[in-house]
Amino acid sequence: MKPLIYLDNNATTEIAPEVLEVMLPLLREGFGNPSSVYALGRQAAKVLEEARARVAALAGCRADEILFTSCGTESINTAVQSALALDPDKKHVITTAVEHSATIKLCEHLAQRGYEITWLPVDSDGMLDLDQLAAAIRPDTALVTLLWANNETGVLFPVHEIAEIARKKKTLLHVDAVQAFGKLPISLADSGIHFLSASGHKIHAAKGVGALYVNRRVKFTPLLRGSQESARRGGTQNMASIAGFGKAAELAAEHIGSRQVLDWRNAFEEHMLSAVPGCTVNGDRTHRLPNTSNLSFDGVESEGALILLDEQGLCCSAGSACTSGSINPSHVLKAMGLTNERARASLRFSFGRYNSAGDLARACELVPAVVAKLRALSPAGSPVLAA
Ligand code: PLP
């Protein structure tokens, strides 16, 4: 088998060895329920609170503002429904056209239940018009819910400016930080953000664990009722994954200032732009996650490229992983005004700290070769090469 070149860290990440080390004893002998009163349970409760403190430290908030959930999607659903429960007369929700499917599906569901949803557009760089956002907020707006970092392009929304707008308009704000958490410095204390969602498996923890920040001044309504998490999220905690998430948060904090991933991403992108004719970067290049590169290759179908790259051991994505079974062009790229053809010709490469200089060198060889092969096979020939 060919060695794996994993450039799909926005889809999920491998578990860090240090994280696994924390998890395994909790799956073996340290299996206590943190709600139990005997020593085994008390030990689990201690582990739980240590993990909460570590996640809170990465988020820059108090530990009692962090709830553990089963995933980013649950955190998003909890935050949105909690905000809506606060005032049942407010039937308007603002979001954007480029959200993750977790938010899109939820908002579509809300629309069927009588809510009015404003889907804010983005420009060709994937950026929001903040005046338009401010103008969209009405007296009956229950919530603004939007991404911090786009999972497909890495483009960052200016959440602190958005929080300022929400504060002035006295509207609740939920930020989907599933891709930003652990990649960017975050300081939630006094940020004006009311809810923030994060997920373990994007930062080298296990799948099936998420976190929700709920500002302590905001009235909260649980999605899952039960006694755990101070009655804010019922269900016995997934202890091994939560402890691993805590460790992963601690490790992420250590790596957040490192330029390594950024340098690999930039070197890869520069190489593609110079070595491959008809290659363009999708999304604002300044306000962007350090690890993500979304590229279109004229005349190339991304599905074909994914298959050929996979044969060579290179994993990347066409659109977001959650919708990659579909042949529809990415809704994010479409919202940015790309033609269907260019949207279908796009690939997302997302680096992580377990990549190597060798991965970068191999990707710089493989991607241009695969693009050239597909263009040669295309019946119409490449528009770029024919031009
Ligand atoms: N939001 C964004 C921006 C994501 O990228 C993802 C996962 O891809 C999610 C939410 C959902 O997170 P989870 O897979 O933990 O449910």
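Once a new chain begins, its residue numbering starts again from 1 and follows that chain's sequence as written. Totals for whole chains, interfaces and linings use every residue, but because this is a predicted model, local features are given only for residues with pLDDT of at least 70 and side-chain atom pairs only at 80 or more, for both listing and counting. Side-chain metrics in this entry use all non-hydrogen atoms of the structure; hydrogen atoms and water are not considered.

**Student:** Describe the domain arrangement of the protein, naming the residues involved and giving the relevant values.
**Tutor:** Reported domain spans reflect what an automatic or database domain assignment gives. What the domain assignment lists for the protein is domain 1 (5-13 + 257-386) and domain 2 (17-255). If you average the C-alpha positions of domain 1 and of domain 2, the two centres end up 28 Å apart. Contacts are residue-level and defined by heavy atoms, with any inter-residue pair within 4.5 Å sufficient. Counting from both sides, the interface comprises 29 residues of domain 1 and, opposite them, 35 residues of domain 2. A buried area of about 2700 Å², summed over both sides, lies between domain 1 and domain 2, and 54% of it is on carbon and sulfur atoms. When the area that domain 1 buries against domain 2 is broken down by residue, the three leading residues are Thr13, Leu289 and Arg353, summing to 24%. By definition, a salt bridge exists where a carboxyl oxygen of Asp or Glu is found within 4 Å of a side-chain nitrogen of Lys or Arg. Our count for the domain 1 to domain 2 interface comes out at zero salt bridges. Pairs of N or O atoms are called polar contacts if they sit within 3.5 Å, as long as, within protein, a hydrogen donor faces a hydrogen acceptor (for residues adjacent in sequence, only side-chain-to-side-chain pairs). Summed over the shared surface of domain 1 and domain 2, the result is 18 residue pairs in polar contact (both at pLDDT 80 or more). Here a helix means four or more residues in a row that DSSP labels H or I, a strand means two or more in a row labelled E, and each is numbered from the N terminus. Looking at the side of domain 1 that touches domain 2, the elements with two or more residues in it are strand E10 (292-297) and helix H11 (331-335). Accessible surface is computed with a 1.4 Å probe, and the buried area is the amount of it that two parts give up when combined, taken over both parts together.

**Student:** Please set out the sheet that holds strand E7 (residues 195-199) residue by residue, giving values where relevant.
**Tutor:** One open sheet holds the seven strands; their spatial order is E2-E8-E7-E6-E5-E3-E4, and the pairing between them is mixed. The open sheet terminates on both sides in strands that have one partner only, identified here as strand E2 (66-69) and strand E4 (116-120). Across the sheet, the mean angle separating the axes of adjacent strands is 20° when strand polarity is ignored. Each pair of strands is called paired provided DSSP finds at least two bridges between the two strands. Summarising the sheet, E7 and strand E8 (residues 210-214) pair through five bridges and their orientation is antiparallel. By the bridge assignment for E8, Leu196 is matched with Tyr213. Only the contacting stretch of a helix is used when fitting its axis, a line to C-alpha atoms as for every element, and angles between N-to-C directions run 0 to 180 degrees. Contacts between helix H2 (residues 39-59) and the sheet are confined to E2 and E8, with E2 contributing the most and set at about 110° to the helix.

**Student:** Before we move on, can you summarise helix H13 (residues 357-377) with the specific residues and values?
**Tutor:** Quick reminder: α-helices carry 3.6 residues per turn. Residues three or four places apart thus point the same way. By this rule, a helix spans an expected 1.5 Å times one less than how many residues it contains. Between its first and last C-alpha, H13 extends 31 Å over 21 residues, near the 30 Å set by a 1.5 Å rise per residue. Taken residue by residue, H13 has Asp359, Leu360, Ala363, Cys364, Leu366, Val367, Pro368, Val370, Val371, Leu374 and Arg375 as its buried positions. Note on classification: 1.4 Å probe, protein chains only; a residue is buried when its accessible area is under 20% of the maximum for its type, exposed when over 50%, partly exposed between these limits.

**Student:** Could you give an account of the pattern of salt bridges, naming the residues involved and the relevant values?
**Tutor:** Should the charged atoms of two oppositely charged side chains come close, the side chains can pair. Enumeration according to the criterion identifies 17 salt bridges in this entry. Note that Glu74 is salt-bridged to Arg233, the shortest N-O span being 2.8 Å. Placement of the pair is Glu74 in helix H3 (residues 72-86) and Arg233 in the loop between helix H7 (228-231) and helix H8 (239-255), with a sequence separation of 159 residues. You'll find Glu74 and Arg233 in the same group, each marked buried. Glu269 is the partner of Arg285 in a salt bridge, and the nearest nitrogen-oxygen pair spans 3.3 Å.

**Student:** Any chance you could break down the side chain of Asn10 for me, citing the residues and the numbers?
**Tutor:** Assignment of secondary structure puts Asn10 in the loop between strand E1 (5-6) and helix H1 (17-27). Owing to a relative accessible area of 2%, Asn10 belongs among the buried residues under this scheme. A distance of 3.1 Å separates a polar atom in the side chain of Asn10 from the backbone oxygen of Asn151. Ignoring sequence-local partners within four residues, the contact set of Asn10 consists of Asn151, Gln179, Lys183, Lys202, Leu289, Asn291, Thr292, Arg348 and Ser350.

**Student:** Any chance you could break down the packing of aromatic side chains for me, citing the residues and the numbers?
**Tutor:** In this scheme Phe, Tyr and Trp rings, the latter by its six-membered ring, pair at centre separations within 6.5 Å, and the angle between planes marks the pair as stacked below 30 degrees, edge-to-face above 60, and tilted otherwise. If you walk through the whole model with that rule in mind, you get four aromatic pairs. Their ring planes at 70° and their centres at 6.3 Å tell us that Phe181 and Phe245 sit as a pair that is edge-to-face. Residue Phe181 is located in the loop between strand E6 (172-176) and E7, and its partner Phe245 is located in helix H8; the two are separated by 64 residues in the primary sequence. Directly above the ring of Tyr115 sits Lys91, whose terminal nitrogen or CZ lies 4.8 Å from the centroid. Counting as a charge over the ring demands two things of the Lys NZ or Arg CZ atom: a distance within 6 Å of the ring centre and an angle within 35 degrees of the ring normal.

**Student:** Before we move on, can you summarise the side chain of Asn294 with the specific residues and values?
**Tutor:** Take Asn294: it is sitting in strand E10. Asn294 sits in the buried class, given a relative accessible area of 1%. Within the structure, Asn294 has its side chain in polar contact with the backbone oxygen of Glu152 (distance 2.9 Å). Setting aside residues up to four positions removed in sequence, Asn294 forms contacts with Glu152, Thr153, Thr280, Val281, Asn282, Leu333, Ser346, Leu347 and Arg348.

**Student:** Quick one: what's the story with the pairing of E6, residue by residue and with numbers?
**Tutor:** Counting buried positions along E6 yields five of five residues, so the element is predominantly enclosed. Going residue by residue along E6, you find Leu172, His174 and Asp176 tucked away on one face and Leu173 and Val175 tucked away on the opposite face as well. Sheet analysis places strand E5 (residues 141-147) next to E6, joined by five bridges and oriented parallel. Its bridge partner lying in E6, Val144 is registered against Leu173. Handedness of a crossover is defined as follows: orient the strands so they point away from the viewer, and if the path from the first strand over the helix to the second runs clockwise, the crossover is right-handed. The parallel pair E5 and E6 is bridged by helix H6 (residues 159-168), and the resulting crossover is right-handed. As defined by bridge partners, E6 adjoins E7 across three bridges and the pair is classed as parallel.

**Student:** Quick one: what's the story with the site of the ligand, residue by residue and with numbers?
**Tutor:** Proximity is defined per residue: if any heavy atom of the residue lies within 4 Å of a molecule or strand, that residue is considered near it. Taken together, 13 residues surround the ligand, and among them Thr73, Asp176, Gln179, Ser199 and Lys202 come closest. Between Thr73 and the ligand, the recorded distance is 2.6 Å, taken from a side-chain N or O atom to an oxygen atom. In the environment of the ligand, an oxygen atom lies 2.8 Å from a nitrogen or oxygen atom belonging to the side chain of Gln179. Notes on the ligand: free accessible area 390 Å², of which the protein chains cover 91%. With three residues, H3 is the single largest residue contributor to the shell around the ligand. Tallied by class, the residues present in the shell around the ligand amount to four nonpolar, seven polar and two charged. To be clear on the numbers: accessible area is Shrake-Rupley with a 1.4 Å probe, and residue cover counts the displayed protein chains and nothing else. For this classification, the nonpolar set comprises Ala, Val, Leu, Ile, Met, Phe, Trp, Tyr, Cys and Pro, the charged set comprises Asp, Glu, Lys and Arg, and every other residue, Gly included, is treated as polar.

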